[in-house]
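Residues per chain, in single letters:
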Amino acid sequence: MKFFIETWGCQMNDHDSEKLSGMLDKQGFAPAASQEEADLVILNTCSIREKAVHKVYSVLGRLREEKLQRPLIVGVAGCLAQQEKDALFKRAPHIDFVLGTMAIQQLPRLVEEARARHKRVIDTQQYPDNHLFPPEVTQRRDTAKALVTIIEGCNHACTYCVVPTTRGPERHRPYEDVLAEVRQLVKDGYREVEFLGQNVNSYQGGCNFAELLDRASEIDGLEWIRFTTSHPMNFTRELAQTLVSNPKIAPFLHLPIQSGSDAVLRRMGRHYTVDQYLERLGYLGEGRSRFSLSTDFIVGFPGETDEDFEGTLRVLETVKYDTSFSFVYSPRPGTPALKMKDDLSPEIKSERLSRLQARQTELTLTSNRALVGQTLEARIESHGPTGQGLWLARTAQWRNVHLKTGEGRQLPFGETVRVKITEAGPHFLRAELD
Ligand code: 5AD
Ligand code: SF4
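Quick caveat: nothing in here was measured; it's all calculated off a predicted structure.

Criteria and cut-off values
Residues numbered from 1 in each chain as written. Chains lettered and ligands numbered in written order. Predicted model: local features only at pLDDT ≥ 70, side-chain atom pairs only at ≥ 80, totals over all residues. Heavy atoms only, no water. Near = heavy atom within 4 Å. Polar contact = N/O pair within 3.5 Å; in protein donor to acceptor, adjacent residues only side chain to side chain. Areas by Shrake-Rupley, 256 points an atom, 1.4 Å probe, with all protein chains shown as cover. Nonpolar A, V, L, I, M, F, W, Y, C, P; charged D, E, K, R; others polar. Helix = DSSP H or I, 4+ residues; strand = E, 2+ residues; numbered from the N terminus. Domains from an automatic or database assignment. Contact = heavy atoms within 4.5 Å. Salt bridge = Lys/Arg side-chain N within 4 Å of Asp/Glu carboxyl O. Buried < 20%, exposed > 50% of the residue type's maximum accessible area, 1.4 Å probe, protein only. Pairing = 2+ DSSP bridges. Axes fitted to C-alpha atoms, helices over the stretch in contact; angles between N-to-C directions.

**Digging into the site of ligand 1**
Working step 1: All residues in the neighbourhood of ligand 1 are listed as Ile48, Arg49, Tyr160, Gln258, Asp296, Ile298, Phe327, Val328, Tyr329, Ser330 and Arg332.
Working step 2: Arg49 places a polar side-chain atom, nitrogen or oxygen, 3.0 Å from an oxygen atom of ligand 1.
Working step 3: Within the backbone of Tyr160, one N or O atom sits 3.0 Å away from a nitrogen atom of ligand 1.
Working step 4: In isolation ligand 1 has 400 Å² of accessible area, and contact with the protein removes 86% of it.
Working step 5: The class makeup of the residues in the shell around ligand 1 is six nonpolar, two polar and three charged.

Laid out in structure tokens, this is it:
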């Protein structure tokens with residue numbers, strides 16, 4: 001029996017798929033190279049925006065056709081599963097099982113029930129030990145960086161966001177468990193970890209997030225620690241101090257602002273003003289210049305005026321983010337923003353998005369160009385598409401590097417090398433070995 005998992009969404013979902021793979025492996029399934037070869041297909045879904053949901057339904061449509069041709073078990077996991085629960089069976093009766101985000105350890109049982117041809121197998125309960133997944137079961141994808149859960153869920157209630165519903169309230173993994181997993185990963189050869197959570201900086205698993213970072217950084221052999229994602233209201237002076245003073249923390253900070261208008265931020269339920277956000281970024285002090293800064297923006301939130309949007313553009317100019325992720329507001333089921341009057345035309349929303357993204361591209365290019373001529377450390381992540389002396393690597397600041405070595409040269413996967421930046425585009429840097 002072979003399985004195939006298709007994953008959408010964030011790193012939390014990527015990592016959940018690694019956990020699902022590990023459980024299937026233990027159950028005797030082998031990975032399939034493609035969906036067509038699989039006896040069991042799991043869609044690990046995202047529901048953050050409507051577009052993500054459409055993609056899932058389109059794959060489900062294709063799988064219905066396939067199920068007419070051959071025996072196939074179809075399971076839906078992830079945020080759409082948690083959000084829709086058994087309503088999914090109504091919309092797509094060919095689904096065999098639905099697995100919620102807080103019940104992933106129940107996968108083997110659901111698979112067995114589906115194989116025994118039980119109908120509409122579902123578990124979307126919240127298990128209190130979901131975040132205590134046994135790390136030795138996880139089957140990691142072949143990446144240079146290992147993902148490590150530290151907290152699940154979110155206690156904020158941003159009015160546009162499905163996550164509090166789809167991932168539940170915060171559950172913190174004890175710091176001893178996190179450190180034990182990191183130690184093992186380093187023994188297995190990893191030099192880089194990424195701590196994961198919907199809101200890592202509210203971590204309280206026996207110590208706070210700054211303390212967890214410091215403790216993890218004491219592990220010999222670990223080189224870079226990354227983390228995602230953070231809420232500005234939990235970004236403390238203490239944490240900023242740790243980030244700038246601890247050399248093992250990769251100098252990349254993703255701190256979502258969402259909007260540059262206080263009125264919009266209030267309606268979004270973000271609980272900060274633009275000035276308060278900027279003040280918190282300022283906690284980085286002199287160390288800030290070493291950091292690559294990144295953020296998320298939502299444009300076209302209900303009631304966003306031209307002036308509100310100009311505020312967002314102003315924030316972009318003030319902070320000069322090295323990179324940002326921006327999206328048009330997407331109404332989500334069960335969220336408070338759904339009831340807000342939204343009379344902006346789709347054209348205005350997408351025009352605002354284009355303006356924001358065009359300006360960000362210029363800023364990213366400027367920030368990348370400033371690196372030309374510099375020598376940086378970069379970790380080898382894979383070889384290029386042709387394998388002919390082209391390597392893909394990442395700098396500590398999480399910038400993509402296309403590294404040219406000439407044919408025949410072998411570079412060890414996961415190692416850091418010193419590279420000299422020769423050219424910069426908005427999406428990657430070109431480099432050669434120093
Ligand atoms: N519409 C558009 N973007 C959203 N995000 C979250 N919810 C929505 C929504 N309903 C964006 C936010 C968040 C990122 C992960 O996705 O910017 O930070
Ligand atoms: Fe998508 Fe959010 Fe769920 Fe991640 S947590 S998969 S971004 S809805």
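Here the narrative resumes.
**Quick notes on unusual backbone geometry**
Working step 1: Omega for the bond connecting Thr228 with Thr229 falls within 30 degrees of zero, at 5 degrees, which places this linkage in the cis form.
Working step 2: Residue position: Thr229 is located in the loop between β11 (224-228) and α9 (237-245).
Working step 3: Residue Gln258 is not a glycine yet carries a positive backbone phi of 75 degrees.
Working step 4: Here Gln258 shows up in the loop between β12 (252-254) and α10 (262-268).

**What about the domain arrangement of the protein chain?**
Working step 1: Its domain assignment divides the protein chain into domain 1 (2-123), domain 2 (135-369) and domain 3 (375-433).
Working step 2: On the domain 2 side, the residues contacting the 23 residues of domain 1 number 27 residues.
Working step 3: Our count for the contact surface shared by domain 1 and domain 2 stands at one salt bridge.
Working step 4: Note that Asp16 and Arg167 form a salt bridge whose closest N and O atoms lie 2.9 Å from each other.
Working step 5: For the side of domain 1 that touches domain 2, the elements supplying multiple residues, two or more each, are α1 (11-26), α2 (50-69) and α3 (79-84).
Working step 6: The element contributing the most residues to the side of domain 1 that touches domain 2 is α1, with 13 residues.

**Here's the deal with the pattern of salt bridges**
If the charged atoms of two oppositely charged side chains come close together, the side chains can form a pair.
Working step 1: Applying the stated rule across the entire model yields 26 salt bridges.
Working step 2: Of the charged contacts, one joins Arg359 and Glu317 as a salt bridge, the two residues approaching to 2.5 Å between their closest N and O atoms. Of this pair, Arg359 sits in helix α13 (residues 346-369) while Glu317 sits in helix α12 (residues 306-319), and the two are 42 residues apart along the sequence.
Working step 3: Arg359 gets classed as partly exposed once you look at its relative accessible area, which sits at 24%.
Working step 4: Asp342 is the salt-bridge partner of Lys349, the closest N and O atoms lying 3.0 Å from each other.

**Describing the sheet that holds strand β4 (residues 73-78)**
Working definition: the strands of a sheet are paired by backbone hydrogen bonds and lie parallel or antiparallel to each other.
Working step 1: Spatially, β2-β1-β3-β4-β5-β6 is the arrangement adopted by the six strands of the open sheet, whose pairing is parallel. Of all the strands in the sheet, just β2 (30-31) and β6 (121-123) have a single pairing partner and so form its edges.
Working step 2: Relative to strand β5 (residues 97-99), β4 runs parallel, the two sharing two bridges. Note on β5: the bridge partner recorded for Gly75 is Phe97.
Working step 3: Relative to the sheet, α2 contacts β1 (2-7), β3 (40-45) and β4, its axis offset from that of β3 by approximately 170 degrees.
Working step 4: The strands touched by helix α5 (residues 107-115) within the sheet are β3, β4, β5 and β6, with β5 carrying the most contacts at an inclination of about 170 degrees.

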